[in-house]
Amino acid sequence: MNFTVIERVGKKAKILDQTQLPTRVVYNEYGDYRDIMQSIKKLEIRGAPAIGIAGAFAVAVAAEIDVNMEVGQYKIILSQVAEEIKNVRPTAVNLGWGVDRIVKVIEDYKGDNMDELRGFIWDEAGAILDEDRILCDKIGENGAALINDGDTILTHCNAGALATGGIGTALAVIYTAKNQGKKISVYADETRPLLQGARLTSWELMKEGIDVTLICDNMAAMVMRQGKIDKVIVGTDRVAKNGDVANKIGTYGVAVLAKEHNVPFYVALPYSTFDNNIPTGDDIPIEERDPSEITNWGGVQTAPDGVKVYSPAFDITPRELVTAYITDKGVTPGGRGE
Ligand code: MRU
């Protein structure tokens, strides 16, 4: 990949602004954690692992504030800021997970040197990014073993390099299979309303020389019935203890279709996306987005003034519809019983 979604630049975080893709590659540098919170909210940086990294970087940026107080007081303030950052987007467990790793560094620090503490915080944020790169590679290796030469894979939303610190989760499987010499084709759902599939997945796959065909979300049923799809692979924002999967709105429908057409449905994720504190998918908080994301596109109004809108950003796919989970540790069967 010749881009990074986030990196440290001095006391700031540099973020690839994904709202500008595919037409413009723009990076923003943020030296105020509140701007990073906005960046996460606006989906400049998005995808569960990437927002976990961004959350950690946001606390590191916040820690750079010049203050005149005791380290103890400073630690309390940073913990409050961390809590704010965790709540920006509720569905992906990775955001809280990334921030909590930094909070632990803050809580464990017993010294009285703020600069030393700042250094430890940046080290941990950097470690989260580096680890994610390795996790993605492992997911790719484990998943590629399931892929046959000549497979056509359907994916929904973007679970690629743009969503992580490495080569992605669902797309890592595709990149790794291709590197093993397998010929792979991809169908990318456009992913209404914010078009992560059209804008982001097709962009990054084309850059990597992968054969990709873009379809509207409502075409997935037809291409499966036509026998064009061998496998579905998606990412996830959180997997509950019972194996239910939260992912981008529309994923559940794709899983139902996959079962109906006897197409395996795989979910790719790092260990940090499992949430054993949440019993079932019904307990996963689902983010609701601003209605304007549905009633307008590109500054053009596409629905009547005052229309009622319901805009959940994610849905739940029950474990029974999952063929297997592809993780950094291996492949675990889901509940489809194949
Ligand atoms: O709203 P987004 O773009 O952050 O949603 C992203 C997804 O749903 C991804 O599939 C998920 O986070 C997994 S990314 C490896």
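Before reading on, note that the structure itself is shown above.
Below or above, wherever it landed, is the structure these notes cover. (Residues numbered from 1 in each chain as written. Predicted model: local features only at pLDDT ≥ 70, side-chain atom pairs only at ≥ 80, totals over all residues. Heavy atoms only, no water.)

### So, the packing of helix H2 (residues 48-63) against helix H5 (residues 114-144)
Part 1 of the argument: Remark: H2 packs on H5, axes separated minimally by 9 Å, with the N-to-C direction vectors making an angle of 170°. By the angle between their axes, H2 is roughly antiparallel relative to H5. The element H2 and its partner H5 pack so that their crossing is left-handed. Two secondary-structure elements touch here, H2 through Pro49, Ile53, Ala56, Phe57, Ala60, Val61 and Ala63 and H5 through Arg118, Ile121, Trp122, Ala125, Gly126, Ile128, Leu129 and Asp132.
Part 2 of the argument: Per-class residue counts for the contact of H2 with H5 are 12 nonpolar, 1 polar and 2 charged. (Axes fitted to C-alpha atoms, helices over the stretch in contact; angles between N-to-C directions. Helix = DSSP H or I, 4+ residues; strand = E, 2+ residues; numbered from the N terminus. Parallel < 35°, antiparallel > 145°, perpendicular 65-115°, else oblique. Left-handed = near helix turned anticlockwise from the far one by under 90°. Contact = heavy atoms within 4.5 Å. Nonpolar A, V, L, I, M, F, W, Y, C, P; charged D, E, K, R; others polar.)

### Topic: the sheet that holds strand S1 (residues 6-9)
Part 1 of the argument: Strand order in the open sheet formed by 3 strands is S1-S2-S3, and the pairing between neighbours is antiparallel. Each edge of the sheet is formed by a strand with only one pairing partner; in this case those strands are S1 and strand S3 (27-30). Adjacent strand axes in the sheet meet at a mean angle of 25° when their direction is disregarded.
Part 2 of the argument: Bridge count between S1 and strand S2 (residues 12-16): 4 bridges; the pairing is antiparallel. Within the sheet, the bridge partner assigned to Arg8 lies in S2 and is Ala13. (Pairing = 2+ DSSP bridges.)

### Points about the environment of Asp275
Part 1 of the argument: Residue placement: Asp275 occurs in strand S11 (residues 274-275).
Part 2 of the argument: In this structure, the C-alpha to C-alpha distance between Asp275 and Gly243, residues 32 residues apart in sequence, is 9.4 Å.
Part 3 of the argument: Among the polar contacts listed, one links the side chain of Asp275 to the backbone nitrogen of Asn277, at a separation of 2.9 Å. (Polar contact = N/O pair within 3.5 Å; in protein donor to acceptor, adjacent residues only side chain to side chain.)

### Quick look at the site of the ligand
Part 1 of the argument: As a structural note, the neighbourhood of the ligand is formed by 18 residues, with Arg46, Ala48, Arg89, Asn247 and Lys248 the closest of them.
Part 2 of the argument: A distance of 2.9 Å separates an oxygen atom of the ligand from a polar atom in the side chain of Arg46.
Part 3 of the argument: The separation between an oxygen atom of the ligand and a polar side-chain atom of Lys248 is 2.7 Å.
Part 4 of the argument: With the chains in place, 100% of the 420 Å² that the ligand exposes on its own is no longer accessible. (Near = heavy atom within 4 Å. Areas by Shrake-Rupley, 256 points an atom, 1.4 Å probe, with all protein chains shown as cover.)

### A word on the pattern of salt bridges
Opposite charge on two side chains makes pairing possible when the charged atoms of those side chains draw close.
Part 1 of the argument: In total, this model carries 17 salt bridges according to the counting rule given.
Part 2 of the argument: The closest approach of N and O atoms between Arg101 and Glu131, which form a salt bridge, is 2.7 Å. Pair noted here: Arg101 is in helix H4 (residues 93-108) and Glu131 is in helix H5, with a separation of 30 residues, a long-range link.
Part 3 of the argument: With a shortest N-O distance of 2.7 Å, Glu287 and Arg289 are connected by a salt bridge.
Part 4 of the argument: For Glu287, a relative accessible area of 2% puts it in the buried group.
Part 5 of the argument: Each member of the salt-bridge network shares a partner with another, and the members are Lys41, Arg89, Glu287, Arg289 and Glu293. (Salt bridge = Lys/Arg side-chain N within 4 Å of Asp/Glu carboxyl O. Buried < 20%, exposed > 50% of the residue type's maximum accessible area, 1.4 Å probe, protein only.)

### A few points about the packing of aromatic side chains
Part 1 of the argument: What the rule picks out here adds up to 5 aromatic pairs.
Part 2 of the argument: Across the ring face of Tyr27, the terminal group of Lys14 is positioned such that the distance to the ring centre comes to 5.0 Å.
Part 3 of the argument: Between the NZ or CZ atom of Lys248 and the centre of the ring of Phe314, over which it lies, the distance is 4.3 Å. (Phe/Tyr/Trp six-rings, centres within 6.5 Å; stacked < 30°, edge-to-face > 60°. Lys NZ or Arg CZ within 6 Å of the ring centre and 35° of its normal.)

### Here we look at the pairing of S2
Part 1 of the argument: Connecting S1 to the next strand, S2, in antiparallel fashion are 2 residues, including Gly10 with a positive phi near 60°.
Part 2 of the argument: The pairing of S2 with S3 spans 4 bridges and is classified as antiparallel. When the bridges of S3 are listed, Leu16 appears paired with Tyr27.

The analysis is restricted to geometry; functional conclusions fall outside its scope.
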